[in-house]
Amino acid sequence: MEKVLFVGAGSMAEAIIAGIVEQDVLPGKQIYVMNRSDANRLCDLESRYGITKVCEDRSFMEEIDLVVLATKPKDIQQVMADIHPFLADSTAILSVIAGTSIDTFEQGLGKRPIARSMPNTSATIGKSASGIAFNDEVSIEMKQSILSLLGAIGIVKVVEEDDLHVVTALSGSGPAYIYYLVEALEEAAVARGLEAHDARELIVQTLEGAAAMLKTTGEEPSTLRTNVTSPGGTTAAGLRALEDRQFKSVIADCINSAEARSRELGALT
Ligand SMILES: NC(=O)C1=CN([C@@H]2O[C@H](COP(=O)(O)OP(=O)(O)OC[C@H]3O[C@@H](n4cnc5c(N)ncnc54)[C@H](OP(=O)(O)O)[C@@H]3O)[C@@H](O)[C@H]2O)C=CC1
Ligand SMILES: O=C(O)[C@@H]1CCC=N1
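Residues numbered from 1 in each chain as written. Chains lettered and ligands numbered in written order. Predicted model: local features only at pLDDT ≥ 70, side-chain atom pairs only at ≥ 80, totals over all residues.

What follows is about the overall build of the protein chain. Within the protein chain, the regular secondary structure consists of 11 helices and 8 strands. Per-residue burial over the protein chain gives 31% buried out of 269 residues. By sequence separation, contacts in the protein chain at least 24 residues apart represent 67% of the contacts at least 6 residues apart. (Helix = DSSP H or I, 4+ residues; strand = E, 2+ residues; numbered from the N terminus. Buried ≥ 20, exposed ≤ 12 C-beta atoms within 10 Å, placed from the backbone. Contact = placed C-beta atoms within 7 Å.)

If you look at the biggest cluster of nonpolar residues, it comprises 52 residues, and the most contacted ones within it are F6, V7, V33, V67, V68 and L69. Looking at this core, the element that brings in the most residues is helix α1 (residues 11-23), giving 6 residues. Once you skip the residues sitting within four places of it in the chain, L69 turns out to touch V7, G8, I76, V79, I93, S95, V96 and I97. (Core = buried A, V, L, I, M, F, W, Y, C linked by C-beta atoms within 7 Å.)

You can see L94 is positioned in strand β5 (residues 92-95). As for L94 and R116, which are separated by 22 residues in sequence, their C-alpha atoms are 5.8 Å apart. In this view, L94 contacts L66, V68, A115, S117 and I146; residues no more than four positions away in its chain are not counted.

Near ligand 1 lie 29 residues; those nearest to it are G8, G10, M12, N35 and A98. The set of elements that each furnish at least two residues to the shell around ligand 1 consists of α1 and α3 (76-83). Along the lines of polarity and charge, the residues of the shell around ligand 1 split into 13 nonpolar, 10 polar and 6 charged. (Near = placed C-beta within 6 Å. Nonpolar A, V, L, I, M, F, W, Y, C, P; charged D, E, K, R; others polar.)

What follows concerns the sheet that holds strand β6 (residues 114-118). Here we have 8 strands laid out as an open sheet, ordered β3-β2-β1-β4-β5-β6-β7-β8, and mixed in their pairing. At either end of the open sheet lies a strand with only one pairing partner, and these are β3 (52-53) and β8 (154-158). Pairing of strand β1 (residues 3-7) with strand β4 (residues 66-69), which is carried by 4 bridges, proceeds in the parallel orientation. Bridge assignment links F6 to a residue of β4, and that residue is V68. (Pairing = 2+ DSSP bridges.)

Have a look at this one:
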């Protein structure tokens, strides 16, 4: 894979570009980026990551090996109409767009190698948790190239295409749930008198420590939870408040709603 074009230059495109530039995944290879109209944004990405912005010129497109589609789902029909005439038959597609199916891409861009993925914004620091599915046109070699590209920005799970909706709900949107949890914990701690910056540091370290415990001990989360929970102690009191408010059912609603929205977005494209 020598030449990669990002179509869409928003937060997700930047997270992946930052990750692959930082991890040096495509050393010496050429990374191009285009968007709809925000010229300043392209200049900014070009100067920060040493990639090449694309404005009007489309002549180079037939030499592109991989197009990364990173626009909003609502824009994808327009994008496909814009780029299809310029792509070589062999050009592969990697979508990061929520909901939109491989079938939709095949209809808009022809039968060609297509991978549909769902990374997350932690790609910026090489910590994405991504899911991916491929169509039958993707060769073993191309699959490996795409997996190593996504692998360099975090972990990747190959899943059935239909499961990408729940992957989107879980790990695509997941960072936002965690940030919301941090906001809530911080607000509660500040309301009880802690300084905001102290609360923030304690929360982030608690998250980091808990994640590392899950990873390194291999223990079940329920076992680790039980280890924290002294009978009649503070944790039991806190967990009881969560149970009283049906915490697990709130979380199930969150995942189900996000998955349903992913399916809706797919149906709209
Ligand atoms: N943000 C996230 O956490 C995640 C997002 N995703 C998916 O990534 C995709 C992009 O999301 P995000 O980066 O947040 O979105 P943004 O709104 O930040 O970026 C969208 C980009 O698409 C460009 N665009 C729109 N229309 C066209 C067009 N016709 N031709 C070329 N470029 C076009 C926009 O250009 P301009 O600014 O010039 O209009 C902009 O650069 C979405 O489909 C989302 O589902 C996936 C995983 C996580
Ligand atoms: O909110 C969204 O639709 C996108 C997909 C996953 C994360 N952000």
